[in-house]
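# Working through the structure, step by step
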Amino acid sequence: MAKRHLDSRLLEKLLQGQISPAEVKELAWHLVEVCPDCAQTVEFDGATSADSEVETLPASMAARDGGRQGDDETEISFARVRERLQGTIVLLHQQRVAAPALLKELDAHPIERQRMLVCNKARFWTLPVAELLLDRAWHLGYEEPDRAQTVAELAAEVVDSIGPTSFGDEVLNDLRARSWAYRGNFHRIASDYRSAEEAFKRAEAFHARGTGDLLEQARIFGLRSTLCRALSRFEEARDLLQKAIHI
Ligand SMILES: [Zn+2]
């Protein structure tokens, strides 16, 4: 969806009801989590946007529309955009607020039971739960790479359970890519270089079928670069790092 910013064409499709419920959710996710530019343009401000009233289309948005619409029409259009996205934005906000308690609930169980819960209980099937698990895995990585691996796998199971009918596959593939990139890094920390290479290949394959998010891409390049250094492939490591920096 990073390829699909909220420009006038997407706005029109949204207003005409020509994008699917999954795409509406992806767009809301794009505004809340991925693209500060679009969020600023439509004056969505994370959690607070769930409650705030935004009455007019900002000048930058009007400029994207090429001045095609008059001021009154623009205001009405924007009110309808809010109407279409508001439900999902509020839902994402609620899911983010609920996610820490859900992780705490998982913590009370051994890992096998945790797997069973995330696969069978729909309350765990949210993007914020998956992201929080990935954050936790990342922080565990250097101290406890094996445990970090397990937590990253759990995050991937959450993502698979969310399913493309609920959220578009591109957003889910971004998180799958992040999970594999982290797992590649944990294998590298544990000196299992063959598994690390395999994991990075998978990360890149999922990223190619994701939203094209540049931050995810930079993350994969940066982590792969560290693996190349560990394998004394210094030139490749430098190239990847350069790519990551210049994204
Ligand atoms: Zn955007």
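## Observations concerning the overall build of the protein chain
The helix and strand inventory of the protein chain stands at 13 helices and 0 strands. Traced from its N-terminal end to its C-terminal end, the protein chain shows the element sequence α-α-α-α-α-α-α-α-α-α-α-α-α. Burial status across the protein chain gives 37% buried among its 247 residues. The long-range fraction of contacts in the protein chain, counting pairs at least 24 apart against all pairs at least 6 apart in sequence, stands at 64%.

## Comments concerning helix α8 (residues 127-140)
An ideal rise of 1.5 Å per residue puts 20 Å on 14 residues; α8 measures up with 20 Å between its terminal C-alpha atoms. Within the sequence span of α8, burial applies to Leu127, Pro128, Val129, Ala130, Leu133, Leu134 and Ala137.

## Some details on the confidence of the model for the protein chain
Per-residue confidence for the protein chain averages 84 on the pLDDT scale, and 83% of its residues sit at or above 70. Confidence, expressed as mean pLDDT per element, reaches its minimum in the protein chain at helix α5 (residues 59-64) with 45 and its maximum at helix α11 (residues 193-208) with 97. Counting interchain partners and residues more than four positions distant, the pLDDT-below-50 stretch residues 47-69 has 30 contacts.

## Structural notes on unusual backbone geometry
Located in the positive-phi region is Ser191, a residue other than glycine, with phi close to 60°. Turning to its location among the elements, Ser191 is positioned in the loop between α10 (169-189) and α11. Here Ser232, not a glycine, exhibits a phi torsion of approximately 60°, which is positive. Position of Ser232 relative to the elements: it lies in the loop between α12 (214-230) and α13 (234-246).

## Here we look at the nonpolar core
Judged by nonpolar contacts, the single largest core of 53 residues is most densely connected at Ala130, Leu133, Ala152, Ala155 and Val158. Only α2 (21-34), α6 (71-107), α8, α9 (145-162), α10, α11 and α12 provide two or more residues apiece to this core. It is α10 that contributes the most residues to this core, 9 residues altogether. Each of two domains, domain 1 (8-94) and domain 2 (109-246), supplies a minimum of three residues to this core. Ignoring anything within four residues of it in the chain, the contact list for Ala152 reads Leu134, Ala137, Ser179, Tyr182, Arg183 and Phe186.

Cut-offs and rules
Residues numbered from 1 in each chain as written. Predicted model: local features only at pLDDT ≥ 70, side-chain atom pairs only at ≥ 80, totals over all residues. Helix = DSSP H or I, 4+ residues; strand = E, 2+ residues; numbered from the N terminus. Buried ≥ 20, exposed ≤ 12 C-beta atoms within 10 Å, placed from the backbone. Contact = placed C-beta atoms within 7 Å. Expected span 1.5 Å × (residues − 1). pLDDT = per-residue confidence, 0-100. Core = buried A, V, L, I, M, F, W, Y, C linked by C-beta atoms within 7 Å. Domains from an automatic or database assignment.

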